[in-house]
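Structural features, examined
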Amino acid sequence: MAKKNILVIEDNHAILDVITLILESEAFNVAGLNKGADFITHVRELNPDVIIMDIMLPDADGRVLLKELKDTAATKHIPVLMISARYNANNYAVDDLLADDFMAKPFNIDELMDKIYALLRK
């Protein structure tokens, strides 16, 4: 089975490193971004199977990036797991647009993996 590609967009380097290490230990190919600049370009280049994205980025709102992703024909099929310390699953939507899943920070590693595997099965 081919390795799955996961794109992680998270501005906190410690969290990005932890997620990357966990996913690589589970045999995923992981690419990390710490800001939203050129988001769609990166997505097209990487063609990720799942995107894990923080809402609060230094240069962008992850919810705006989610809308851009879902409004782009070539990328709208990619499942997105939104993560946030400030928002929760009931209050992060903009224009009723929801990610495929949501997880509050801090999060449990097993929960993260369960959510990723569930998104890969979709």
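What comes next concerns the included structure. Everything quoted here is computed from the prediction, not taken from an experiment. Here, residues in each chain are numbered from 1, in the same order as that chain's written sequence. Reporting of local features is limited, given that this is a predicted model, to residues whose pLDDT is at least 70; pairs of side-chain atoms are given and counted only at 80 or more, and all residues count toward the totals for whole chains, interfaces and linings. Computation of side-chain values covers all heavy atoms of the structure but excludes hydrogens and water.

Observations regarding the overall build of the chain
- Only runs of H or I of at least four residues qualify as helices and only runs of E of at least two qualify as strands under DSSP, and these elements are numbered from the N terminus. The number of helices and strands found in the chain is 4 helices and 5 strands.
- Reading the chain from its N terminus to its C terminus gives the helix and strand order β-α-β-α-β-α-β-β-α.
- Only C-alpha atoms enter the radius of gyration, while the globule expectation follows 2.2 Å times N to the 0.38, with N the number of residues. Relative to the globule expectation of 14 Å for 122 residues, the C-alpha radius of gyration of the chain, 13 Å, shows essentially globular dimensions.
- In terms of overall dimensions, the chain has C-alpha extents of about 35 × 30 × 25 Å along its principal axes.
- Throughout, exposure labels follow a simple rule: accessible area from a 1.4 Å probe, protein chains only, divided by the maximum for the residue type, with under 20% read as buried, over 50% as exposed, and the rest as partly exposed. Burial status across the chain gives 43% buried among its 122 residues.
- Contacts between residues were defined by any pair of non-hydrogen atoms, one from each residue, lying within 4.5 Å. Taking as baseline every contact in the chain between residues at least 6 positions apart, the subset at least 24 positions apart corresponds to 61%.
- In this tally, Asp and Glu contribute negative charge and Lys and Arg positive charge; neither His nor the terminal groups of the chain are included. The atoms used to mark charge sites are NZ of Lys, CZ of Arg, CG of Asp and CD of Glu. Looking at charge distribution, the chain has the averaged site of its 13 positive side-chain charges lying 4 Å from that of its 20 negative ones.

Structural notes on the packing of helix 2 (residues 39-46) against helix 3 (residues 62-71)
- One way to put it is that helix 2 packs onto helix 3 with a least axis distance of 10 Å and a crossing angle of 50°. Considering their axes alone, helix 2 and helix 3 lie oblique with respect to each other. For the element pair helix 2 and helix 3, the recorded crossing hand is right-handed. From helix 2, F39, I40 and V43 reach across to helix 3, where they touch L65, E68 and L69.
- In the scheme used here, Gly and all other residues not listed as nonpolar or charged are polar, with Ala, Val, Leu, Ile, Met, Phe, Trp, Tyr, Cys and Pro taken as nonpolar and Asp, Glu, Lys and Arg as charged. When the residues that make up the contact of helix 2 with helix 3 are grouped by side-chain class, the tally is 5 nonpolar, no polar and 1 charged. For helices, the fitted line uses only the C-alpha atoms of the stretch in contact; every axis is such a line through C-alpha atoms, and the angle between N-to-C directions lies from 0 to 180 degrees. Convention used here: angles under 35 degrees read as roughly parallel, angles over 145 as roughly antiparallel, angles from 65 to 115 as roughly perpendicular, and any remaining angle as oblique. By definition, any crossing whose near helix is turned counterclockwise from its far helix by less than a right angle is left-handed, and any crossing with a clockwise turn is right-handed.

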